[in-house]
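Structural characterization, general
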Amino acid sequence: MTREMKFMLEAIQLGKEGMENNEGGPFGCVIVKDDTIIGRGWNKVISSNDPTAHAEVSAIRDACKNLQSFQLEGCEVYSSCEPCPMCLGAIYWARPSKIYYGNTRQDAANIGFDDSLIYHEITLPLHERKIAIECVGRNEAITMFEEWSAKNKKTLY
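To start, this report covers the structure provided alongside it. (Residues numbered from 1 in each chain as written. Predicted model: local features only at pLDDT ≥ 70, side-chain atom pairs only at ≥ 80, totals over all residues. Heavy atoms only, no water.)

**Focus: the overall build of the protein chain**
- For the protein chain, the helix and strand inventory stands at seven helices and four strands.
- Seen in sequence order, the protein chain has helices and strands lined up from the N terminus as α-β-β-α-α-β-α-β-α-α-α.
- Once the C-alpha set of the protein chain is aligned to its principal axes, its extents read approximately 55 × 40 × 25 Å.
- The burial tally for the protein chain puts 32% of its 157 residues in the buried class.
- Looking at the protein chain as shown, the accessible area adds up to about 10,500 Å², and 55% of this sits on carbon and sulfur atoms.
- When the 17 positive and 22 negative side-chain charges of the protein chain are each reduced to one mean point, those points stand 6 Å apart. (Helix = DSSP H or I, 4+ residues; strand = E, 2+ residues; numbered from the N terminus. Buried < 20%, exposed > 50% of the residue type's maximum accessible area, 1.4 Å probe, protein only. Areas by Shrake-Rupley, 256 points an atom, 1.4 Å probe, with all protein chains shown as cover. Lys, Arg positive; Asp, Glu negative; His and termini not counted. Charge placed at Lys NZ, Arg CZ, Asp CG, Glu CD.)

**A few points about the nonpolar core**
- Ranked by internal contacts, the top residues of the largest apolar core, which has 16 residues, are I31, I60 and L72.
- Counting residues per element, the ones that place at least two in this core are β1 (28–33), α3 (55–67), β3 (75–81) and α4 (85–94).
- Of all the elements, α3 adds the most residues to this core, at five residues.
- Among the nonpolar cores identified, the runner-up in size contains nine residues, and A11, V32, Y78 and Y100 belong to it. (Core = buried A, V, L, I, M, F, W, Y, C linked by side-chain atoms within 4.5 Å.)

**Topic: the sheet that holds β3**
- The sheet built from four strands is open, its strands ordered β2-β1-β3-β4 with mixed pairing. In this open sheet, the two edge strands, each paired with only one partner strand, are β2 (36–42) and β4 (98–103). Geometrically, the sheet is characterised by an average inter-axis angle of 15 degrees between neighbouring strands, direction not taken into account.
- Judged from the five bridges that link them, β1 and β3 form a sheet pairing that is antiparallel. Paired with I31 across the bridge in β3 is V77. (Pairing = 2+ DSSP bridges. Axes fitted to C-alpha atoms, helices over the stretch in contact; angles between N-to-C directions.)

Given below as structure tokens:
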């Protein structure tokens, strides 16, 4: 068995356990650094009443806590399914070196986890999206960004 398959099977097992415990959908994820699992997560949307409690987000939080870092440089993500748009965004923010996935987004759609609306909405101009988006208070809000730009001691990420 390859090392990649070993870690993928761990992600799948976490997803199965979470599913069987009725914590959320059938999704699991592990994050690996130097051939060691440093983060584990499974879907906890139902048990936590948190729509952001996806396997990848949970695993990223666990790995970052264990590394005491907000970055996952040099890490690999093993997800039992191709990450949804939210999780993909979170993964990119964390900056691992590689993503491995088991099931495809079409496999997920086939069992009721269809993210095609989100993928489509992202491509649309703001005024054409299904959920209304309106800019309010920009003149006031921009001062915070100006203060950030002028701040001497800051950590960029």
